[in-house]
Amino acid sequence: MPHPEIMKLLEKGIREFPEKIRRAAEVLSGELDYPVATTPADIVFQEDNLRLLHYRPLLDQDKIHSPPILIVYALINRYIMLDLEPGRSFIRNLLKHGLDVYLIDWGYPSGPDLYLSMDDYISSYLDTVVDRIRSRSDHKRINLMGVCQGGTFCVIYTALYPEKVRNLITLATPTQFDVNDAALFMWAKKFNPDRIIETFGCLPGDLANILYLLVVPVATVNKYIRFLDHAEDRGFVNTFLRMEKWIFDSPDMAGPVFKEWLGDLLQKNLLIQNEFFLNNRHVDLHRITCPLLNVYGEKDYLAPPSTARPLSTAVGSTDITTLGVDTGHLGIFVGSTSNKTIIPEIVKWIKNR
């Protein structure tokens with residue numbers, strides 16, 4: 001028999017649930033104000049669906065640090081998580097510290113874009129963007145910051161074009177995929193990319209989202225229960241909806257990229273073993289000799305320490321800083337830990353180099 005106190009709590013929860021649903025529906029049907037990605041930026045280059053954003057400085061020009069930094073986000077989900085809301089915007093906080101910030105918005109692939117390969121994204125789009133920034137800023141080398149899958153792209157890029165990168169910063173970036181504590185990577189071992197591509201022509205963003213949510217189903221359910229408990233708090237609701245917008249705003253991933261990402265990296269683990277080739281070009285991690293700052297979350301379940309940390313011992317650089325932070329995947333970019341600890345460390349590291 002369940003404990004009487006537990007039964008009382010269950011009965012109380014069941015009685016209150018309809019009223020919580022009613023209040024939440026009332027709030028959601030009313031006027032809501034939750035804009036995202038509000039930090040002012042100029043579109044300084046476009047190619048196909050790609051846009052290069054240059055954020056307007058928040059300090060006087062003589063206080064802006066040089067050379068600039070380019071942020072490369074993942075292909076799944078969008079960069080708005082880095083600029084979720086003014087009070088906890090990763091990008092705005094970089095600007096407050098005087099960094100000159102550019103960012104790639106990959107957009108939404110469609111039509112011919114669904115045939116793009118990883119080489120198209122890295123050796124064409126990313127390299128073109130880097131050259132544009134080098135020309136605009138009159139610097140031969142720029143700072144490169146990659147987020148999650150975007151960080152993996154930056155690692156590959158730096159190995160291929162080391163002469164163009166001054167410093168490499170990787171945030172929650174997987175490079176070692178043969179691990180047993182990351183559900184997504186373990187599931188990926190059983191995926192058949194050809195079957196998915198034959199069915200959809202790509203990796204649908206909605207399918208990727210379902211997989212992410214299934215990694216931590218209990219946490220996902222608890223999140224919505226917590227929303228019902230705080231539905232009358234307008235600030236909480238707006239922040240919650242901003243996060244939901246980011247989670248469910250997921251572009252598809254082009255079929256060839258998905259096949260390479262899944263087959264060569266997640267399944268064969270070629271990158272960290274220095275056996276990965278991009279369009280017949282050897283991606284030798286020993287060619288990365290610039291300073292490296294490798295940041296990961298100790299509680300990250302999407303890119304856990306086991307997949308992010310090995311990069312630090314795989315590159316050829318002698319200036320390596322490995323920073324494990326007591327937070328999860330999103331905590332690196334939003335919240336008090338990001339603002340108080342991670343961003344100041346990143347800025348200090350960059351300015352010292």
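In what follows, the structure referred to is the one given above.
The following refers to the structure shown. Along every chain, residues carry numbers that run from 1 in the direction the sequence is written. Only residues with pLDDT of 70 or above have their local features reported here, since the model is predicted, and side-chain atom pairs are shown and tallied only from 80 upward, although totals for entire chains, interfaces and linings are computed over all residues. To get the side-chain values, all heavy atoms of the structure are used, and hydrogens and water are removed first.

Examining the packing of aromatic side chains
No. 1: In this scheme Phe, Tyr and Trp rings, the latter by its six-membered ring, pair at centre separations within 6.5 Å, and the angle between planes marks the pair as stacked below 30 degrees, edge-to-face above 60, and tilted otherwise. Enumeration according to the criterion identifies eight aromatic pairs in this entry.
No. 2: Considering the side-chain rings of W106 and Y121, the 5.2 Å spacing of their centres and the 75° angle between planes classify their relative orientation as edge-to-face. Residue W106 is found in the loop between β4 (101-105) and α3 (118-137), and its partner Y121 is found in helix α3; the two are separated by 15 residues along the sequence. In this pair, the class of W106 matches that of Y121, namely buried.
No. 3: Ring centres 5.3 Å apart and planes at 70° place the aromatic pair F177 and F185 in the edge-to-face group. With respect to burial, F177 and F185 carry one shared label: buried. Here a helix means four or more residues in a row that DSSP labels H or I, a strand means two or more in a row labelled E, and each is numbered from the N terminus. Burial classes: relative accessible area under 20% of the type maximum marks a residue as buried, over 50% as exposed, and values in between as partly exposed (1.4 Å probe, protein chains only).

Observations regarding helix α10 (residues 255-267)
No. 1: Judged by how many residues are buried, α10 sits mostly within the fold: 10 of 13 residues are covered.
No. 2: Those residues of α10 not exposed but buried are G255, V257, F258, E260, W261, L262, G263, D264, L265 and L266.
No. 3: Residue N269 follows α10 closely and has a positive phi angle near 55°.

Remarks on the packing of helix α4 (residues 149-160) against α10
No. 1: Between N-to-C directions, angles span 0 to 180 degrees; the directions come from axes that are lines fitted to C-alpha atoms, helices contributing only their stretch in contact. Contact pair α4 / α10: the axes reach a minimum separation of 13 Å and the direction vectors enclose 80°. In terms of axis orientation, α4 runs roughly perpendicular to α10. In contact with Q149, T152 and F153 of α4, α10 contributes V257, W261 and L265.
No. 2: By the convention adopted, Pro, Cys, Tyr, Trp, Phe, Met, Ile, Leu, Val and Ala count as nonpolar, Lys, Arg, Asp and Glu as charged, and the other residues, Gly among them, as polar. For the contact of α4 with α10, the class distribution of residues is four nonpolar, two polar and no charged. Working definition: roughly parallel below 35 degrees, roughly antiparallel above 145 degrees, roughly perpendicular at 65 to 115 degrees, and oblique for all remaining angles. Contacts were defined at the residue level, with two residues in contact if any of their heavy atoms lie within 4.5 Å.

Some points on helix α6 (residues 193-200)
Think of an α-helix as turning once every 3.6 residues; residues three or four places apart then point the same way.
No. 1: In protein, a polar contact means a hydrogen-donor-capable atom and an acceptor-capable atom, both N or O and within 3.5 Å, with residues adjacent in sequence counting only if both atoms are side-chain atoms; elsewhere, any N or O pair within 3.5 Å suffices. The opening residue of α6, the one whose side-chain oxygen lies 3.1 Å from the backbone nitrogen of D194, is N192.
No. 2: Two residues or fewer after α6 comes G201, characterised by a positive phi angle close to 85°.

A look at the pairing of β4
No. 1: Among the five residues in β4, five count as buried, and that is most of the element.
No. 2: Where burial is concerned, the two faces of β4 agree: the one with V101, L103 and D105 and the one with Y102 and I104 are both buried.
No. 3: Relative to β4, strand β2 (residues 50-55) is paired through four bridges, and the arrangement is antiparallel. By the bridge assignment, R51 is partnered in β4 with D105. In this scheme, strands are said to pair when DSSP sees at least two bridges between them.

Observations concerning the packing of α6 against α10
No. 1: Close contact between α6 and α10 brings their axes to 10 Å; oriented N to C, the two are set at 165°. Taken together, the axis directions place α6 and α10 in an arrangement best described as roughly antiparallel. Handedness of the crossing formed by α6 with α10: right-handed. Residues P193, D194, I196 and I197 of α6 pack against G255, F258, K259 and L262 of α10.
No. 2: Class assignment for the residues of the contact of α6 with α10 results in five nonpolar, one polar and two charged. The hand of a helix crossing depends on one turn: near helix anticlockwise from the far one by less than a right angle means left-handed, and clockwise means right-handed.

A word on the pattern of salt bridges
No. 1: The working definition used for a salt bridge is a side-chain nitrogen of Lys or Arg within 4 Å of a carboxyl oxygen of Asp or Glu. Across all of its chains, the model carries 12 salt bridges by this definition.
No. 2: Close ionic contact of R51 with D105 constitutes a salt bridge, the shortest N to O distance being 2.9 Å. Separated by 54 residues along the polypeptide, R51 in strand β2 and D105 in strand β4 bring together distant segments of the chain.
No. 3: The exposure class assigned to R51 is partly exposed, which follows from its relative accessible area of 24%.
No. 4: As a salt-bridge pair, D127 and K164 come within 2.8 Å of each other at their nearest N and O atoms. Taken together, the positions of D127 in helix α3 and K164 in the loop between α4 and β6 (165-171) put the pair 37 residues apart, joining distant regions of the chain.
No. 5: On the accessibility criterion, K164 (10% relative accessible area) is buried.

Overview of the sheet that holds β4
No. 1: Spatially, eight strands are ordered β1-β2-β4-β3-β5-β6-β11-β12 in an open sheet, and the strand pairing comes out mixed. Where the open sheet ends on each side, the last strands, each with one partner, are β1 (41-47) and β12 (320-325). Direction aside, neighbouring strands of the sheet carry axes that sit 20° apart on average.
No. 2: Pairing of strand β3 (residues 69-72) with strand β5 (residues 142-147), which is carried by four bridges, proceeds in the parallel orientation. Its bridge partner being in β5, V72 is matched across the sheet by G146.
No. 3: Against the sheet, α3 engages β1, β2, β3, β4 and β5, with an angle of about 130° to β1.
No. 4: Contacting β3, β5, β6, β11 (292-297) and β12, helix α13 (residues 336-351) runs over the sheet at an angle of about 160° to β6.

Regarding the side chain of R92
No. 1: By secondary structure assignment, the location of R92 is in helix α2 (residues 90-96).
No. 2: In this tally Asp and Glu are treated as negative and Lys and Arg as positive; neither His nor the chain ends contributes. Nearest to the buried, unbridged R92 among oppositely charged side chains is D83, at 5.1 Å.
No. 3: Setting aside its immediate chain neighbours within four residues, R92 contacts T38, T39, P40, L58 and P86.

Description of a nonpolar patch on the surface
No. 1: Residues form patches when they are more than 30% accessible in relative terms and have no salt bridge. Like charges link within 9 Å. Nonpolar side chains (Val, Leu, Ile, Met, Phe, Trp, Tyr) link within 5 Å. Surface accessibility in these figures is a Shrake-Rupley result with a 1.4 Å probe; residues are shielded only by whichever protein chains are displayed. Side chains of M186, W187, I210 and L214 sit close together on the surface and give an oily, nonpolar patch of about 360 Å² of accessible area.
No. 2: The residue I210 is located in helix α7 (residues 205-215) in this model.

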